[in-house]
Amino acid sequence: MKDCRSRSFFLLLLLVVQISTTLQYEETENYYDDDNYEVDLELEALENEGLTFETEQIKRDQVTNGTQNLLDEKTKQIKEKVGNFGKTSQFRNYAENGTGSLEILQWELLDCLVKQGASLDLSDETVDWIYNDKTTLEALFTSGDIFDRNCGGVIDILSTIIKQVPDAKNPGLKFTLAAATALTFGVERKARVRNQIIDGVARYHNYLKWSDEGILLEPFYHLNVWEMRFVLKGNSLDYEYVWAQENIPEQFRTPERIGGAVFNMVKYTPGKPMKNHTDPDDPTKPLPETLENMHIYGGVCGTFCAFGSGATQAFGVPASPLGQPGHCAFTWLKNGVWQLANKVRGWEQSYRKKSFTFWRREASFLLLMHDVQQNPVIYQLSEK
């Protein structure tokens, strides 16, 4: 019996020693494996990141494929409805009624997105609303060119604005400004100053603020989407517009005279006077061509048309530079009529700038587009 107890005690002692040794080894191993442990964590994080990327890619592919499927279904749906039409009146009735009109506009949007390689995520409540709202789609497709057919960019900008300003869904200034902003900034636009990228959504909010403050002139509140684009598309930065709002003489702050402020505020100076002065914020560069510096130093025709259109847009009046042979002019909307300013030729010898928003034709077509926009119902029908 005594031998058994001794033997049990000896085995228990061996077991305690073995456990103690193992624990010491594991503690030492863990101590020296801290670096490896961190590496393992980094590898795990990278693997998770890769899985996340793959998951997001799968989601994007599903949305893209879903957009193509939507287009195929919409094409089939429209063909089935119009396939048996034998009279022009039947096509017109289909295009004019609410359901048919919406289906055609949805098809146009989907076709534009698929050709662009973009997609439409209808799981997004705001995007789904845009896709199913006839008035919104009509505004997007009958208010001038969608630059580079970038429908995806237009939908992104518009949905962003609506999420921030839900009232932009309703007819009125907020909607007009939102649709015009989306069409204008669906592609990246750069400012004249240092090629800075213009934040379209921020510009939307600034014009809303200026309208609330009563800074903008009365015609601004009655513009259609196409006309509003000629307010928003200026290549001045928003702080330049604030400078203009604070410094344009009072006598020019009327819808009839705003386009003439340039001839009071800019002096003709041959050459490139701003190039002869360095930027105090960066002595390695010349002065930036801001509206304020144009006022101080002057310039030639390019300066006059840039200041003239920029100062006009600062007060919510549509304007745009124009090209003429060896010259730069500008146009602005005076009491509903497009005026040529700083001109040496007429409309027949004026040509559009790249940012013009109609049919990609010579400048005189601006007048035709203006007339078309006065009868939106007929124009919208013709586009369908």
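Structure first, text after, so check above.
Each chain carries its own residue numbering, running from 1 in the direction its sequence is written. The predicted origin of the model limits local features to residues at a pLDDT of at least 70 and limits the giving and counting of side-chain atom pairs to 80 or more, whereas totals for whole chains, interfaces and linings rest on all residues. For side-chain calculations, the full set of non-hydrogen atoms in the structure is used, while hydrogens and water are omitted.

**A few points about empty space enclosed by the protein**
The pocket and cavity definitions rest on a 1 Å grid over protein atoms only: a 1.4 Å probe that fits but cannot leave marks a cavity, an open set with protein on both sides within 12 Å along at least five of seven lines marks a pocket, and residues lining either have an atom within 4 Å of a point. Grid points are joined across faces, edges and corners, and a volume is the space filled by probe spheres set on the points. The full count for this structure, using the stated rule, is one cavity of 30 Å³ or more. By volume, the largest cavity amounts to about 30 Å³. Along its surface, the largest cavity is lined by Leu105, Glu108, Glu138, Phe141, Thr142, Gln380, Glu383 and Lys384. Within the residue set of the lining of the largest cavity, elements represented by two or more residues are α4 (98–116), α6 (134–141) and α16 (376–383). Three residue categories are used. Nonpolar comprises Ala, Val, Leu, Ile, Met, Phe, Trp, Tyr, Cys and Pro, charged comprises Asp, Glu, Lys and Arg, and polar comprises the others, including Gly. Residues of the lining of the largest cavity, tallied by class, amount to two nonpolar, two polar and four charged. Helix and strand labels come from DSSP, where a helix needs a run of H or I of at least four residues and a strand needs a run of E of at least two; each type is numbered from the N terminus.

**Considerations on α6**
Classification of residues uses two cut-offs on accessible area relative to the type maximum, computed with a 1.4 Å probe and protein chains only: under 20% is buried, over 50% is exposed, and between them is partly exposed. When you tally the buried positions in α6, you get six out of eight residues, the bulk of the element. Turning to α6, its buried residues number three or more, namely Thr136, Leu137, Glu138, Ala139, Leu140 and Phe141.

**Looking at the nonpolar core**
Within this scheme, the nonpolar core is defined by two criteria: the residues are buried Ala, Val, Leu, Ile, Met, Phe, Trp, Tyr or Cys, and they are joined through side-chain atoms within 4.5 Å. Judged by nonpolar contacts, the single largest core of 90 residues is most densely connected at Leu109, Tyr207, Ile248 and Phe307. With eight residues, helix α8 (residues 173–185) is the single largest residue contributor to this core. If sequence neighbours within four positions are ignored, Ile248 has contacts with Arg253, Ile258, Ala261, Met265, Phe307, Ala311 and Phe315. If you look at the next biggest cluster of nonpolar residues, it comprises six residues, including Ile78, Tyr94, Ala95 and Ile104. Every residue pair with non-hydrogen atoms within 4.5 Å of one another is taken to be in contact.

**Regarding the pattern of salt bridges**
For this analysis, a salt bridge means a side-chain nitrogen from Lys or Arg found within 4 Å of a carboxyl oxygen belonging to Asp or Glu. Scanning all chains against the criterion turns up eleven salt bridges. The salt bridge involving Asp124 is made with Lys163; its shortest N-O contact spans 2.6 Å. You can see Asp124 sitting in the loop between α4 and α5 (125–131) and its partner Lys163 sitting in helix α7 (residues 151–164), a full 39 residues away along the chain. One salt bridge in this structure joins Arg192 and Glu240, with 3.1 Å as the shortest N-O distance. Of this pair, Arg192 sits in the loop between α8 and α9 (200–212) while Glu240 sits in helix α11 (residues 238–247), and the two are 48 residues apart along the sequence. Each of the two residues, Arg192 as well as Glu240, counts as buried.

**Looking at the environment of His277**
Note that His277 resides in the loop between α12 (262–265) and β1 (278–279). Here the alpha-carbon distance between His277 and Leu287, two residues ten residues apart in the chain, equals 5.8 Å. Not counting chain neighbours up to four residues away, the residues in contact with His277 comprise Lys285, Pro286, Leu287 and Tyr297.

**Points about the packing of α6 against α8**
Look at α6 against α8: their axes get within 10 Å of each other, and the N-to-C directions meet at 45 degrees. Classified by the angle their axes make, α6 and α8 are oblique. Pair α6 / α8 crosses with right-handed handedness. Note on element contacts: α8 touches α6 through Phe175, Ala179 and Leu183, opposite Thr135, Thr136, Ala139 and Leu140. Of the residues that constitute the contact of α6 with α8, the class distribution is five nonpolar, two polar and no charged. Simply put, an axis is a line fit to the C-alpha atoms, just over the touching stretch for a helix, and the angle between two N-to-C directions goes from 0 to 180 degrees. An angle below 35 degrees is read as roughly parallel, one above 145 as roughly antiparallel, one from 65 to 115 as roughly perpendicular, and any other as oblique. Should the near helix be turned anticlockwise from the far one by less than a right angle, the crossing is left-handed, and should it be turned clockwise, the crossing is right-handed.

**A short note on the packing of aromatic side chains**
Stacked, tilted and edge-to-face pairs are distinguished by plane angle, under 30 degrees for stacked and over 60 for edge-to-face with tilted covering the rest, among Phe, Tyr and Trp rings (Trp via its six-membered ring) whose centres lie within 6.5 Å. Applying the stated criterion across every chain, the model contains twelve aromatic pairs. Look at Trp226 and Trp338: their rings are 6.2 Å apart centre to centre, the planes differ by 65 degrees, and that puts the pair in the edge-to-face class. Here the residue Trp226 occupies a position in helix α10 (residues 225–232), and Trp338 occupies one in strand β5 (residues 337–341), the gap between them amounting to 112 residues. Accessibility assignment for this pair places Trp226 and Trp338 in one class, buried. With 5.2 Å between their ring centres and 65 degrees between their planes, Phe230 and Trp338 make a pair best called edge-to-face. Taken together, the residues span a long stretch of sequence, with Phe230 in helix α10 and Trp338 in strand β5 at a distance of 108 residues. One exposure class covers both Phe230 and Trp338, and it is buried.

**Structural notes on α7**
By definition here, a helix of n residues has an expected span of 1.5 Å times n minus one. Taking 1.5 Å of rise per residue, the 14 residues of α7 would be expected to cover 20 Å, and the 20 Å separating its terminal C-alpha atoms lies within 8% of that figure. Within α7, ten of the 14 residues are buried, which leaves it mostly tucked inside the rest of the structure. Regarding α7, the residues found buried are Cys151, Gly152, Gly153, Val154, Ile155, Ile157, Leu158, Ser159, Ile161 and Ile162. In the core, the buried residues of α7 are packed alongside α4, α5, α6, α8 and α9.

Remember, this is a structural readout, not a statement about activity or role.
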